[in-house]
Amino acid sequence: MLTTAQGGPVSDDQNSLKIGARGPTALEDFHFREKIFHFDHERIPERVVHARGYGAHGYFETYESLAAYTRADLFQRAGEKTPAFVRFSTVAGSKGSFDLARDVRGFAVKLYTKEGNWDLVGNNIPVFFIQDAIKFPDIIHSVKPEPDRGFPQAQSAHDTFWDFISLTPESMHMIMWVMSDRAIPRSFRFMEGFGVHTFRFVNAKDESTFVKFHWKPKLGLQSVAWNEAVKINGADPDFHRRDLWQAIQSGNFPEWEMRVQLFDQDFADSFDFDVLDPTKIIPEEILEPIAVGRLVLDRMPDNFFAETEQVAFMTQNVPPGIDFSNDPLLQGRNFSYLDTQLKRLGSTNFTHLPINAPKCPFHHFQQDGHMAMRNPVGRVNYQPNSFGEGPRESPQQGFRSFADAEEGQKVRLRAESFADHYSQARQFFQSQTAPEQRHIAMALTFELSKVETPVIRERVVAHLLNIDESLATAVADKLGIKKLPEPADAAVAPRDDLKPSPALSIIENGPDSFAGRKLGVLVSPGADAALLKKLQAAIDKEGAVMEVVAPKVGGVEAADGSWIEARHMVDGGPSVLFDAVALVVSEQGAERLAGEAAARDFVADAFAHCKFIAFTAEAVPLLEKAGVDPQADEGLVPLGDAKAAKAFVETCRKLRLWSRETAVKL
Ligand code: HDD
């Protein structure tokens, strides 16, 4: 029975109470007032950054005990499973923006350990724009919509962002990452995550080991092309959230391995850069990450608002055995995350919300405040007390900060050891494959093409000259800058002796599998149903998904009279939604489809985005009308004989034919 919030049964929810059928509404209508009052207050402030996000539940499973390094309870026992909630996000856009913005992705993990919540609030990029938290409002103001005009939304391609960047050399390493394909991931499931900062593990003997946290996706890394991202945002603004929803609902649970880089003070002292500087990585080739557990996401929230929107991540949530380093970005974050929850969730009691409450027993004397749902019971709400009531501290079990020796003058200074802003930016660029380097150059050109102030564009090119001359020249050329500027003044001369790190390339680290990916099959009436079945079988075996696209909603009748169900009609299912495509059409069908712009785009885009395309002989006229030579390259696979479907799916394991890119001038 429908009731009011007070529990009163409702007799009519269709009409407000009026004085006569055509008369004024009575103020007395408490049901109406309560309903509208509540609706009027449904919104809470969106997150000031990372407003658009999507979360899921799961668990973290520890491989082996890490007791030698940390006393954190979740790492003590092999096979221990810790409940987890993860929220992925973009940074700059507001809550209703589109998923495939060029942006950093948040990768925030809440682990409900038996000794309190541990929040590892990371990103899919292991470095950050700035070295000191005091600069955070500046970098964020610069990327958000410009304050006088209120646009652009979810874009870094505008003057204020690049102005700030061009005046902030410490951002250069991060800029290489955000201009790379890392910033346009194909799926949350195919991205890495990083804790970014150096943290500490502290063991039972109070010994500390430095640690950096990494999440490696089981399905490997994959991104989309920029031209594709732009089109996906129109075709399906919810592309990433839909992907996560579909994967989890279909039982294909996304998984990441946690790997840790462990090191001591001697390593830190001998390393080329300061391990407290969040604009630097420790290359995996120098310090191998060790696998310590896996994160599996296996359940969607029951309610988006209650869980994904109200979840409060805080870097300061660490259990005993995990501690902070002096990274000045991390230190500042430890203030901001608590502060922001009060604004967003409206009460100090946000920990009473089920998504934020610990799952272990907890006892404290914090009380009252707005929406207090769990006040201490009994007479005593303080300690020490004479009544033997209430919880007490436990010096042994409780959190103890690592007793590092600290002394120094009170100063506002940036450490000298933070001064090299270009060497790792160069190392990142030089570790990329040729297509990835091209994408960085194209991204920079696109972004700077939207900058209206010429001096800002030139200043960025001056920085690029300190990173890689070929990159700077390529960007300057496309921007029509005739005379290269002088390289920017560098506080420390960029180094040339850092070895490339293959771990930094997405393409070098492909999954060699089509698992978790999606094949889109364009069909027409009279299509070969047996061939479709073979494709479906090969796709199922690979652990991938096949979706059928047809000229009409519902599907088509196959040549053998059977019915082929379709998921999309061609206008609503462009090829940008898929990782590879197949054209399974009849002769007449190909002819009809060749006359439709959406079908021609389906083919032309798949080709331009370097996707693998399988086709029946009857589809050749459609390919040709779309401007694609069926013999252009090995990425075009005829579906000729009985084994062709299986062979095509194996070809798709390469994900993209990047060698096509220079021919199509993507
Ligand atoms: Fe932050 C949210 C990640 C620097 C202040 N941040 C937020 C979220 C992620 C990150 C993933 C979304 C959490 C969620 O899904 O609810 N932030 C990072 C990383 C950083 C970083 C990896 C650098 C290494 N952040 C950073 C700084 C500050 C903040 C330097 C402030 C001094 N971040 C916030 C915040 C947010 C936030 C204002 C907004 C919403 C929230 O916290 O809960 O406190």
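Because the structure is a prediction, the values reported are computed rather than measured.

### Brief notes about the overall build of the chain
Looking only at helices and strands, the chain features 19 helices and 18 strands. Taken over the C-alpha trace, the chain has a radius of gyration of 28 Å; the compact-globule value for 666 residues is 26 Å, and the two agree within 12%. With the C-alpha coordinates aligned to their principal axes, the bounding extent of the chain is approximately 90 × 80 × 55 Å. The 666 residues of the chain split such that 44% are buried.

### Overview of the nonpolar core
Core analysis: the largest hydrophobic core is formed by 113 residues, its most contacted members being Val521 and Val523. Shared between two domains, this core holds at least three residues of each, these being domain 2 (53-146 + 177-352) and domain 4 (513-664). Beyond its immediate chain neighbours, meaning those up to four positions away, Val523 contacts Val548, Ala550, Val556, Ile564, Ala566, Val584 and Val585.

### Some thoughts on the sheet that holds strand 15 (residues 568-569)
Strand order in the open sheet formed by 6 strands is 15-12-11-16-17-18, with parallel pairing between adjacent strands. The strands lining the two open edges of the sheet, one partner per strand, are strand 15 and strand 18 (636-638). Summarising the sheet, strand 11 (residues 518-523) and strand 12 (residues 545-550) pair through 5 bridges and their orientation is parallel. The residue of strand 12 that forms the bridge with Val521 is Val548.

### Side note on the site of the ligand
The ligand sits among 26 residues. The nearest are Arg47, His50, Arg87, Gly106 and Ser336. Of all the elements in the fold, those that place two or more residues in the shell around the ligand are strand 2 (81-90), strand 3 (105-113), strand 4 (116-123) and helix 9 (328-345). Take the shell around the ligand: its biggest share by element is 6 residues, from helix 9. Considered class by class, the residues forming the shell around the ligand number 14 nonpolar, 9 polar and 3 charged.

### Considering the UniProt feature "active site" (unreviewed entry) in the chain
What UniProt calls "active site" (unreviewed entry) maps, in this numbering, to His50 and Asn123. Separation in sequence by 74 residues is not matched in space for these annotated residues, since their most distant C-alpha atoms are only 10.5 Å apart. Residue position: His50 is located in the loop between helix 1 (30-40) and strand 1 (53-62). Setting aside chain neighbours within four positions, we find His50 in contact with Ser89, Val91 and Gly106. On the secondary structure map, Asn123 appears in strand 4.

### With respect to the UniProt feature "domain: Catalase core" (unreviewed entry) in the chain
When the UniProt feature table is mapped to this numbering, "domain: Catalase core" (unreviewed entry) covers residues 3-391. As annotated, residues 3-391 has a helix share of 22% and a strand share of 19%, and its two end C-alpha atoms lie 40 Å apart.

### Points about the packing of helix 3 (residues 159-166) against helix 12 (residues 454-467)
Two packed helices can be described by the angle between their axes and the distance between those axes. Running from N to C, helix 3 and helix 12 cross one another at 40 degrees; their axes reach a closest spacing of 9 Å. Of the possible angle classes, the one that applies to helix 3 and helix 12 is oblique. Crossing of helix 3 against helix 12: the hand is left-handed. Between helix 3, through Asp159, Trp162, Asp163, Ile165 and Ser166, and helix 12, the contact on the second element is made entirely by Ile456, Arg459, Val460 and His463. Class assignment of the residues belonging to the contact of helix 3 with helix 12 gives a composition of 4 nonpolar, 2 polar and 3 charged.

### Here's the deal with the packing of helix 14 (residues 529-542) against helix 18 (residues 644-652)
Between helix 14 and helix 18, the least distance of the axes is 8 Å, while the angle of their chain directions is 40 degrees. Taken together, the axes of helix 14 and helix 18 lie oblique to each other. Along this stretch, helix 14 crosses helix 18, giving a crossing that reads as right-handed. The residues of helix 18 that touch helix 14, namely those facing Leu531, Lys534, Leu535, Ala538, Ile539 and Glu542, are Ala645, Lys646 and Val649. A per-class count over the contact of helix 14 with helix 18 returns 6 nonpolar, no polar and 3 charged.

### Brief notes about the pairing of strand 7 (residues 208-217)
The element strand 7 is extensively covered by neighbouring structure, given that 8 of its 10 residues are classed as buried. One ladder, built from 2 bridges, connects strand 5 (residues 193-194) with strand 7; its direction is antiparallel. Counterpart to Phe194 in the pairing with strand 7 is His214. Both strand 6 (residues 199-202) and strand 7 contribute to a ladder of 4 bridges, which runs antiparallel. Across the sheet, Arg200 pairs through a bridge with Phe210, a residue of strand 7. Linking strand 6 to strand 7, which pair antiparallel, is a turn of 5 residues; within it Asp206 sits at a positive phi near 65 degrees. Pairing of strand 7 with strand 8 (residues 255-263) involves 8 bridges; the strand directions are antiparallel. Pairing of Phe213 across the sheet is with Val260, part of strand 8.

### Topic: helix 13 (residues 469-478)
Of all the residues in helix 13, the buried ones are Leu471, Ala472, Val475 and Ala476. The arc enclosing the buried residues of helix 13, seen along the axis, measures out at 125 degrees, which places them on a common side. The outward face of helix 13, more than 90 degrees from its buried face, is lined by the exposed residues Glu469 and Ser470. Gly480 sits one or two positions beyond helix 13 and adopts a positive phi of about 70 degrees.

### Section: the domain arrangement of the chain
Splitting the chain by domain gives domain 1 (1-42), domain 2 (53-146 + 177-352), domain 3 (361-391) and domain 4 (513-664). Once you take the C-alpha centre of each, domain 3 and domain 4 turn out to be 64 Å apart.

Calculation criteria
- Residues numbered from 1 in each chain as written.
- Predicted model: local features only at pLDDT ≥ 70, side-chain atom pairs only at ≥ 80, totals over all residues.
- Helix = DSSP H or I, 4+ residues; strand = E, 2+ residues; numbered from the N terminus.
- Rg over C-alpha atoms; globule rule 2.2 N^0.38 Å.
- Buried ≥ 20, exposed ≤ 12 C-beta atoms within 10 Å, placed from the backbone.
- Core = buried A, V, L, I, M, F, W, Y, C linked by C-beta atoms within 7 Å.
- Domains from an automatic or database assignment.
- Contact = placed C-beta atoms within 7 Å.
- Pairing = 2+ DSSP bridges.
- Near = placed C-beta within 6 Å.
- Nonpolar A, V, L, I, M, F, W, Y, C, P; charged D, E, K, R; others polar.
- UniProt positions renumbered as here; feature names shortened; annotations may be inferred.
- Axes fitted to C-alpha atoms, helices over the stretch in contact; angles between N-to-C directions.
- Parallel < 35°, antiparallel > 145°, perpendicular 65-115°, else oblique.
- Left-handed = near helix turned anticlockwise from the far one by under 90°.
- Arc of directions from axis to C-beta.

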